[in-house]
Amino acid sequence: MSALHVVFKVAGAEYAIPASEVLQMESFTGATPVPGAPPHVAGLVQVRGRVVPVVDARARFGMPPTERTLDSRVVVGQLGARVVGLLVDSAREVVKLAPEQLQPPPPLVAEQSRGFVKAVAQVGPRLVMLIDFPRVIGEEKPQ
C-alpha cells in the first residue's frame, strides 16, 4: 500500500520521511541556542505556542554548515509524546511511495550513514533516501 512521504533537501540530496510522522513544516527564522546541547541541536523554536527542540540535519549528517535561506524549513515530527523539529535546506514536496519503490540502501551507504538511511526510492529520474527519523533526531542509538 502506497504511503505519502514528505521530501526535503539537505546539501543537494533528497530525503523523505513518512508524512504520518510529520505534524507540520515551518519557515526557519532562527533558534535559541541551548547550553550544553550536542552540536547537532540547533536550539529551540516556538511552533504555534509549543517549544520544540530542533536538530540540524546538516550537522547530524556530518555535512558542512551553510547560510540559512528563505527556503530553510523545520520539519516538525512527533514520536510518541515527543515533538522534535528537523532543520533542512528546503522542503516543498509530498510524494506517494509504493513498497515496491523502496529498496534497501547499498551496503556502503548503510555502513556510512550510521543507520540514518533505511531505504532508497526512485521517484522518476531522482533517488530519494528514506531516513529513520527516530535515529536522526537521536531517539535511537546506532548499533
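Since we're looking at a predicted model, the values are computed, not measured. (Residues numbered from 1 in each chain as written. Predicted model: local features only at pLDDT ≥ 70, side-chain atom pairs only at ≥ 80, totals over all residues. Heavy atoms only, no water.)

A.B. asks: What is the right way to read the sheet that holds strand β4 (residues 41-47) from this model?
C.D. replies: By definition, the strands of a sheet pair up through backbone hydrogen bonds, in either a parallel or an antiparallel sense. Spatially, the 5 strands line up as an open sheet ordered β3-β6-β7-β5-β4, and their pairing is mixed. Only two strands of the sheet have a single neighbouring strand rather than two, namely β3 (22-27) and β4. If you compare each strand with its neighbour and ignore which way they point, the axes differ by 30° on average. One ladder, built from 3 bridges, connects strand β5 (residues 50-56) with strand β7 (residues 82-88); its direction is parallel. What sits directly across from D56, in β7, is L87. (Pairing = 2+ DSSP bridges. Helix = DSSP H or I, 4+ residues; strand = E, 2+ residues; numbered from the N terminus. Axes fitted to C-alpha atoms, helices over the stretch in contact; angles between N-to-C directions.)

A.B. asks: Would you mind showing me how to read the pairing of strand β11 (residues 126-131) here?
C.D. replies: On any regular strand, side chains alternate: one points to one face of the sheet, the next to the other face. Note that strand β2 (residues 13-18) and β11 share 3 bridges and pair parallel. By the bridge assignment for β11, E14 is matched with V128. As judged from the 6 bridges shared by strand β10 (residues 117-123) and β11, these two strands associate in the antiparallel manner. Looking at the pairing, Q122 lines up with L127 of β11. Between β10 and β11, which pair antiparallel and follow one another directly, the connecting turn spans 2 residues, one of which, G124, has a positive phi of 60°.

A.B. asks: Explain the packing of aromatic side chains to me, please; I cannot follow it from the model alone.
C.D. replies: Within a pair of aromatic rings, the relevant descriptors are the distance that separates the centres and the angle that separates the planes. Here the structure, examined in full by the defined rule, presents 3 aromatic pairs. Both rings, one in F8 and one in Y15, keep their centres 5.8 Å apart while their planes meet at 25°; by these two values the pair is stacked. Grouping residues by exposure puts F8 and Y15 together as buried. Taken together, the aromatic side chains of F8, Y15, F61 and F116 make up a single cluster linked through ring pairs. (Phe/Tyr/Trp six-rings, centres within 6.5 Å; stacked < 30°, edge-to-face > 60°. Buried < 20%, exposed > 50% of the residue type's maximum accessible area, 1.4 Å probe, protein only.)

A.B. asks: So what exactly am I meant to see when it comes to the pattern of salt bridges here?
C.D. replies: Once the charged atoms of two side chains with opposite charge are near each other, the side chains can pair. Here the structure, examined in full by the defined rule, presents 7 salt bridges. Between R126 and E93 there is a salt bridge; the shortest N-O distance is 2.8 Å. One end of the pair, R126, is in strand β11; the other, E93, is in strand β8 (residues 90-97), with 33 residues separating them in the sequence. Shared partners join several salt bridges into a network, and the residues in it are D56, R58, R68 and D89. (Salt bridge = Lys/Arg side-chain N within 4 Å of Asp/Glu carboxyl O.)

A.B. asks: Looking at this structure, how should I read unusual backbone geometry?
C.D. replies: Here the phi dihedral of A11 falls at roughly 55°; this positive angle occurs in a residue that is not glycine. Mapped onto the secondary structure, A11 falls in the loop between β1 (3-10) and β2. On the basis of relative accessibility, which here comes to 39%, the residue A11 falls in the partly exposed class. The phi dihedral of R48 is positive, around 50°, even though this residue is not glycine. By the element assignment, R48 lies in the loop between β4 and β5.

So far we have only geometry, and geometry alone does not tell us how the molecule works.
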